[in-house]
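# Descriptive analysis of the structure
Chain by chain, the residues:
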Amino acid sequence: MRIVDTDYLIIGSGIAGLVSALKLSKKGKVIICTKKQRAESNTNYAQGGIACVMAATDTFNDHIKDTLDAGAGLCNVEVVTKIISEGPERIADLEKLGLHFAERSAESGGGYDLGKEGGHTKRRVLHAGDITGRKIEEVLLDRIHADSNIRIKEHTMAIDLITTSWLRGAGSNRCVGAYMLNTSEGEIFAVRAPVVILATGGGGKVYLYTSNPDIATGDGMAMAWRAGVPIKNMEFIQFHPTCLFHPQAKSFLISEAVRGEGAKLVDSAGKSFMEKYDARGALAPRDIVARAIDSEMKSKGAPCVYLDIRHKPEDYLLARFPNIYATCLKFGINMAKDLIPVVPAAHYFCGGVEAGVDGSTALPGLFAVGEVACTGLHGANRLASNSLLEAVVCAHEMSEKILKIKLDTEDSRIAIPDWQYGAAVPSDESIVVEHNWNEVRTCMWDYVGIVRTDKRLERAWRRIRNLRQEIRQYYMDYLVTADILELRNIADIAELIVRSAMDRKESRGLQYTLDYPDRKDSPPPHETVIADQPGSHL
Ligand code: FAD
Ligand code: SIN
């Protein structure tokens, strides 16, 4: 088996991985492995923008308060304060790299054109139209391309972390690399590195309906869990209230910024309904809006609700939301004249690999940054547009920490065992993978969605356990492919979500259960931590 050595292995090429690479390359060789094309990531689809205190009328305290309110009592105040107050410096870093945020015209007073989103009491979302994420990827990848210390390996999917607990005589347990599958050629090889960074993003694909692209299969969380690293708060899955409802529109988001500019949520009769649920109306935090839509759809037997922004001139909509406008039009919806049909869909993981703001995890040598990590910023519900901010601040803090570490030359001599193929043969039953893929995602959507009950969670738990056993057998019997690996990973994170949800006997933030509809603050709320021994994950 081929072994590739590097100083820093980064798994993932979204904002968290790319910002980290550009900082770490000052001191050593960086390899970024990414499972599809380099730009393919959740980052690439981010629309609304990056929340940051930039306006003279805004304060860090306001942003902190909004974040804590959304987080429903589970945010870590120290972490929230650190990330929010460091925001302006990290925004300046992005601008120095070449990112331009939209500005207001001189007639409107100049300065940044700050957007507004649910749960924010102030305008504070920096954006690049409605393609903020695409612009971020373009700018960062341009810089990466020009950096001779960074290599990107596309179509290279991490299978599992390599930890010394499996290697005889290698000292105390730490992470020393990862096994990789080249998905174009089928080769399995290892990357050996004294520093391994998970920047693998979230796992929206574990649900049948999601705003996330196909890469989002929770691989980093699943790999870390299998390696015995604690995983936190997995019950808090954020459902974005407004994904386009159209049979041909796969996971297209209608940004919350559209509501920020005055769109109302209405039923099929055109009647606004959010006021019934929260005084903040369509701009209440996402957990509230998604639940309200779910309740409207269920009580009326409606397949969707609608966004109404017809009061805004067409020119304005075209200039502010060019991508959303064009995409809706492609599906026969003119947002200046028509109601936009929308439904909630799985969007963001507030939980993940337990990590500090500096990316450190319980496993030496392993760091986690971006959506894969659970730092304590989001608590039980993320405030809109706080995740790009978290990624960029934590990538900086983590890199500063890593740059101070003396790289252990011992690690470059650690013998990595060859990948064990056993008696595996090429699969002749892809239908099994497809069937189980659909079953996991449907089970999660039906039983572990916006509204939960004990009975539904127990049912999901039994099904997911059975599916995981079947998938494990399949994984042992057949040569690994990207499909098998992703199936194994969504099934693993499905189990983590179900177990965490079962553990929380209350409703808080994104966890809403009919059996315990109230929030319990006494005794003080706990975080849900799953820390299983490596190898005991079945
Ligand atoms: P990602 O950007 O998801 O990158 C993960 C990377 O890891 C990808 O390159 C992927 O291919 C790679 N990867 C995954 N598994 C493996 C593996 N096994 N091996 C190799 N590579 C792997 N947040 C905001 O703050 N503001 C917004 O406006 C906003 N809008 C959003 C709109 C949409 C449609 C979506 C889906 C999310 C949005 N979010 C927004 C959330 C935000 O985009 C993400 O949380 C953030 O981009 C995550 O960045 P990341 O670098 O951690 O992960
Ligand atoms: C959006 O634009 O609505 C997404 C913002 C986010 O998820 O933070």
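Whatever comes next refers back to the structure up there.
Residues numbered from 1 in each chain as written. Chains lettered and ligands numbered in written order. Predicted model: local features only at pLDDT ≥ 70, side-chain atom pairs only at ≥ 80, totals over all residues. Heavy atoms only, no water.

All right, on to the overall build of the protein then. Summing up its helical and strand segments, the protein has 13 helices and 19 strands in all. Over its C-alpha atoms the protein spans a radius of gyration of 22 Å, differing by no more than 12% from the 24 Å that the globule rule assigns to 538 residues. The proportion of buried residues among the 538 residues of the protein is 60%. Counting contacts in the protein only where the partners sit at least 6 residues apart, residues at least 24 apart contribute 75% of the total. Put simply, the protein shows about 20,900 Å² of open surface, and 51% of that area lies on carbon and sulfur atoms. Mean positive and mean negative side-chain charge positions of the protein (65 and 70 charges, respectively) differ by 1 Å. (Helix = DSSP H or I, 4+ residues; strand = E, 2+ residues; numbered from the N terminus. Rg over C-alpha atoms; globule rule 2.2 N^0.38 Å. Buried < 20%, exposed > 50% of the residue type's maximum accessible area, 1.4 Å probe, protein only. Contact = heavy atoms within 4.5 Å. Areas by Shrake-Rupley, 256 points an atom, 1.4 Å probe, with all protein chains shown as cover. Lys, Arg positive; Asp, Glu negative; His and termini not counted. Charge placed at Lys NZ, Arg CZ, Asp CG, Glu CD.)

What surrounds ligand 1 is a group of 38 residues, the closest being Thr 43, Gly 49, Asp 219, Glu 371 and Ser 387. Between ligand 1 and Gly 49 there is a distance of 2.7 Å, counted from a nitrogen atom to a backbone nitrogen or oxygen. Here ligand 1, which alone exposes 1,000 Å², has 98% of that area covered by the protein. Mapped by element, the contributors of at least two residues to the shell around ligand 1 are helix 1 (15–24), strand 7 (156–163), strand 15 (340–349) and helix 10 (386–403). When the residues that make up the shell around ligand 1 are grouped by side-chain class, the tally is 13 nonpolar, 20 polar and five charged. (Near = heavy atom within 4 Å. Polar contact = N/O pair within 3.5 Å; in protein donor to acceptor, adjacent residues only side chain to side chain. Nonpolar A, V, L, I, M, F, W, Y, C, P; charged D, E, K, R; others polar.)

With that settled, the discussion passes to the pattern of salt bridges. Applying the stated criterion across every chain, the model contains 46 salt bridges. In this structure, Arg 192 engages Asp 5 in a salt bridge whose closest nitrogen and oxygen atoms are separated by 2.7 Å. Residue Arg 192 is found in strand 9 (residues 188–192), and its partner Asp 5 is found in strand 1 (residues 3–5); the two are separated by 187 residues along the sequence. Residue Arg 192 is classed as buried on the basis of its relative accessible area of 12%. A salt bridge links Asp 93 to Arg 90, with the nearest nitrogen and oxygen atoms 2.8 Å apart. (Salt bridge = Lys/Arg side-chain N within 4 Å of Asp/Glu carboxyl O.)

Once that is clear, we can look at the packing of aromatic side chains. Per the stated rule, a full pass over the model turns up seven aromatic pairs. Summarising the aromatic geometry, the rings of Tyr 209 and Trp 445 are spaced 5.0 Å apart at their centres and angled 80° between planes, so their arrangement reads as edge-to-face. Here Tyr 209 is found in the loop between strand 10 (195–198) and helix 5 (219–226), whereas its partner Trp 445 is found in helix 11 (residues 430–447), with 236 residues between them in sequence. According to the relative accessible area criterion, Trp 445 is partly exposed, its value standing at 22%. (Phe/Tyr/Trp six-rings, centres within 6.5 Å; stacked < 30°, edge-to-face > 60°.)

Let's shift gears to the sheet that holds strand 6 (residues 150–153). Spatially, the five strands line up as an open sheet ordered 6-3-2-10-17, and their pairing is parallel. At either margin of the open sheet sits one strand with a lone partner, and together these are strand 6 and strand 17 (366–368). On average, each strand axis in the sheet is inclined to that of its neighbour by 20°, with strand direction left out of account. In terms of strand pairing, strand 3 (residues 30–33) meets strand 6 through four bridges, oriented parallel. Residue pairing for strand 6: Val 30 is matched across the bridge by Ile 150. (Pairing = 2+ DSSP bridges. Axes fitted to C-alpha atoms, helices over the stretch in contact; angles between N-to-C directions.)

Reading across the sheet, the four strands line up as 1-9-8-7 and stay open at both edges, with mixed pairing between neighbours. Each edge of the sheet is formed by a strand with only one pairing partner; in this case those strands are strand 1 and strand 7. Along the sheet, successive strands turn relative to each other by an average axial angle of 30°, direction set aside. Across the face of the sheet, helix 13 (residues 482–503) comes into contact with strand 7 and strand 8 (175–182) while running at roughly 55° to strand 7.

Running from N to C, helix 11 and helix 13 cross one another at 25°; their axes reach a closest spacing of 10 Å. On the basis of their axis angle, the class for helix 11 and helix 13 is roughly parallel. At the point where helix 11 passes helix 13, the crossing takes the left-handed sense. Seen from helix 11, the contacting residues are Val 433, Asn 436, Trp 437, Val 440, Arg 441 and Met 444; seen from helix 13, they are Asp 483, Ile 484, Glu 486, Leu 487, Ile 490, Ala 491, Ala 494, Ile 497 and Val 498. Of the residues assigned to the contact of helix 11 with helix 13, the class counts are eleven nonpolar, one polar and three charged. (Parallel < 35°, antiparallel > 145°, perpendicular 65-115°, else oblique. Left-handed = near helix turned anticlockwise from the far one by under 90°.)

With that settled, consider the site of ligand 2. Taken together, Gln 47, Gly 48, Glu 117, His 240, Leu 253, Ser 255, Glu 256, Arg 286, His 347, Arg 382, Ala 384 and Ser 385 make up all the residues around ligand 2. Here His 240 contributes a side-chain N or O atom positioned 2.8 Å from an oxygen atom of ligand 2. Ser 385 is positioned with one of its backbone polar atoms (N or O) 2.6 Å from an oxygen atom of ligand 2. Look at ligand 2: alone it shows 260 Å² of surface, and the protein chains cover 93% of it. Grouping the amino acids of the shell around ligand 2 by side-chain chemistry returns two nonpolar, six polar and four charged.

On to helix 11, then. With 18 residues, helix 11 should cover 26 Å at 1.5 Å per step; its first-to-last C-alpha distance of 26 Å lies within 8% of that length. For helix 11, every residue scored as buried is listed here: Val 433, Asn 436, Trp 437, Val 440, Arg 441, Cys 443, Met 444 and Tyr 447. Seen along its axis, helix 11 keeps its buried residues to an arc of 165°; they face one direction. (Expected span 1.5 Å × (residues − 1). Arc of directions from axis to C-beta.)

This part takes up the state of the cysteines. Applying the stated criterion across every chain yields a total of zero disulfides. In this structure Cys 175 is a free cysteine whose sulfur lies 13 Å from that of Cys 33, the closest cysteine sulfur available. Cysteine Cys 304 shares no disulfide, and the gap to the nearest cysteine sulfur, in Cys 243, comes to 13 Å. (Disulfide = S-S within 2.5 Å.)

Following Ser 522, the chain continues into Pro 523 via a peptide bond in cis, with omega recorded as -5°. Counting through the fold element by element, Pro 523 comes out in the loop between helix 13 and strand 19 (529–530). Within the chain, Ser 251 stands out as a residue other than glycine whose phi angle is a positive 45°. Examined against the element boundaries, Ser 251 turns out to sit in the loop between strand 12 (237–244) and helix 6 (256–260). You will see that Ser 385, though not glycine, has its phi angle at about 65°, which is positive. Tracing the sequence through the fold places Ser 385 in the loop between strand 18 (373–374) and helix 10.

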